[in-house]
Amino acid sequence: MFYKDKISKNPMHEVAEVPHIKPLPNVAIVVGHDDIKSGAITYNYIREFDFCYEVAKKAIMLNASRRNIVLLKRNEDLKSYSAQMRDIAKRCEILKIDIAIELHLNASGVPEARGVETLVLNKDDTSAYIGQMFAYQYGEKFKVPLRGFYKNYRGVKGISPYERGGGFLHQMSKRGISSFIFEPFFCDYKNRESERFLEDIRVGTTLMAEYLIATIAQLR
């Protein structure tokens, strides 16, 4: 496994035990937010939901020959966040999803905020391992810092079911599905990290989709 070989040379990324990940796992890319509650607004007035949805659609197209990745959106007819997350988790269970990734953009209101982070449920070490893989590969490819440190995992933040995003992670955990929230960059201020993806939205969403597919392909 390429990722295991690479991080074994870096003491900042050592793990006590590498969890088992089945070959060619079924992966759900879950679009963060929905068309009604669309999330953050980027510095150039793009909705978080629109960016993430476009990335997910392109990732599915790029992976069409393998068919192990599905795109899931929240059901807007369900009015509460908790009901939407239960619905997403139920659909993942029916589809026999092994790993669920909820795609978001980060925002803080602080112009200096930088870096990539993944959010996982506290005590879910398998998801933390996978989340670190995504954060690490992203940081290496785009030369950005990793935010957060959970146990031995850099680029990972452990949260409770009651914190932002915890509902998604909790519902997945109840069904035995590894999951994490992926926040690749802060979108509310223009900087080197954000403008790479937002100045030309067509190019930026393609670039992000290509990264996701390449990283998912290493889950073996």
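Preceding this section is the structure that the text describes.
Basis of the calculations
Residues numbered from 1 in each chain as written. Predicted model: local features only at pLDDT ≥ 70, side-chain atom pairs only at ≥ 80, totals over all residues. Heavy atoms only, no water. Helix = DSSP H or I, 4+ residues; strand = E, 2+ residues; numbered from the N terminus. Buried < 20%, exposed > 50% of the residue type's maximum accessible area, 1.4 Å probe, protein only. Contact = heavy atoms within 4.5 Å. Areas by Shrake-Rupley, 256 points an atom, 1.4 Å probe, with all protein chains shown as cover. Salt bridge = Lys/Arg side-chain N within 4 Å of Asp/Glu carboxyl O. Axes fitted to C-alpha atoms, helices over the stretch in contact; angles between N-to-C directions. Parallel < 35°, antiparallel > 145°, perpendicular 65-115°, else oblique. Left-handed = near helix turned anticlockwise from the far one by under 90°. Pairing = 2+ DSSP bridges. Core = buried A, V, L, I, M, F, W, Y, C linked by side-chain atoms within 4.5 Å. Phe/Tyr/Trp six-rings, centres within 6.5 Å; stacked < 30°, edge-to-face > 60°. Lys NZ or Arg CZ within 6 Å of the ring centre and 35° of its normal.

Below, the discussion takes up the overall build of the chain. On a plain count of helices and strands, the chain comes out with 7 helices and 8 strands. Here the chain, with 220 residues, has 51% of them falling under the buried criterion. Of all intrachain contacts in the chain linking residues separated by at least 6 positions in sequence, the fraction that spans at least 24 positions is 76%. Of the roughly 10400 Å² of accessible surface on the chain, a fraction of 52% belongs to carbon and sulfur atoms.

The phi dihedral of H33 falls on the positive side, at around 70°, and the residue is not glycine. Tracing the sequence through the fold places H33 in the loop between β1 (27-31) and α2 (48-62). The backbone of K96 sits at a positive phi, close to 60°, despite the residue not being glycine. Relative to the helices and strands, K96 is located in the loop between α3 (81-94) and β3 (99-103).

Here the focus is the pattern of salt bridges. The full count for this structure, using the stated rule, is 11 salt bridges. Residue E199 is joined to K190 by a salt bridge in which the shortest nitrogen-to-oxygen separation is 3.7 Å. Within this structure, D35, R47 and D50 form a network of salt bridges that share partners.

Moving on, we get to the environment of V55. By the secondary structure assignment, V55 is in helix α2. Among the residues examined, V55 registers a relative accessible area of 0% and is labelled buried. With 48 residues separating them in the primary sequence, V55 and L103 have C-alpha atoms 8.9 Å apart. Ignoring any residue separated from it by four or fewer positions in sequence, one finds V55 in contact with L103, T205, M208, A209 and L212.

Following both chains from N to C, one finds helix α4 (residues 125-142) and helix α7 (residues 201-216) inclined at 130°, their axes separated by 10 Å at the closest point. It follows that α4 is oblique to α7 by the angle criterion. Regarding α4 and α7, the two cross each other, and that crossing is right-handed. Between α4, through M133, F134, A135, Q137, Y138, K141 and F142, and α7, the contact on the second element is made entirely by L207, M208, Y211, L212, T215 and I216.

Moving on to the pairing of strand β4 (residues 117-121). Of all 5 residues in β4, 5 are buried; the element is thus mostly enclosed. Here β4 shows two buried faces, one formed by E117, L119 and L121 and the other by T118 and V120. Two strands pair when backbone bridges link them, and β4 and strand β8 (residues 178-183) are joined in this way by 3 bridges, in the antiparallel orientation. Counterpart to L119 in the pairing with β8 is I181. Here β4 runs beside strand β7 (residues 156-159); their pairing, made up of 4 bridges, is parallel. Bridge pairing links L119 to K157 in β7.

Counting residues in each nonpolar core, the largest one holds 46 residues, and the members touching the most others are F134, Y138, F182 and F185. Mapped by element, the contributors of at least two residues to this core are β1, α2, β3, α4, β8, α6 (192-198) and α7. Looking at this core element by element, the count peaks at 9 residues for α4. Apart from the residues within four sequence positions on either side, F182 is in contact with I101, E102, L103, H104, V116, E117, T118, F134, Y138, M208, Y211 and L212. Membership of the second largest hydrophobic core comes to 17 residues, among which are C92, I159, F168 and L169.

Inspection of every chain in the model, using the stated rule, returns 14 aromatic pairs. Ring pairing ties together the aromatic residues F51, F134, Y138, F142, F180, F182, F185, F197 and Y211, which thus form one cluster. Just above the ring of Y53 sits the side chain of K57; from NZ or CZ to the centre is 4.6 Å.

Our next topic: the sheet that holds β3. The 6 strands lie next to each other as β2-β1-β3-β8-β4-β7, forming an open sheet whose pairing is mixed. Each having just a single partner strand, β2 (69-72) and β7 make up the two edges of the open sheet. On average, adjacent strands in this sheet sit at an angle of 25° to one another, irrespective of strand direction.

From the geometry alone we can't say anything about function, so treat these as descriptive.
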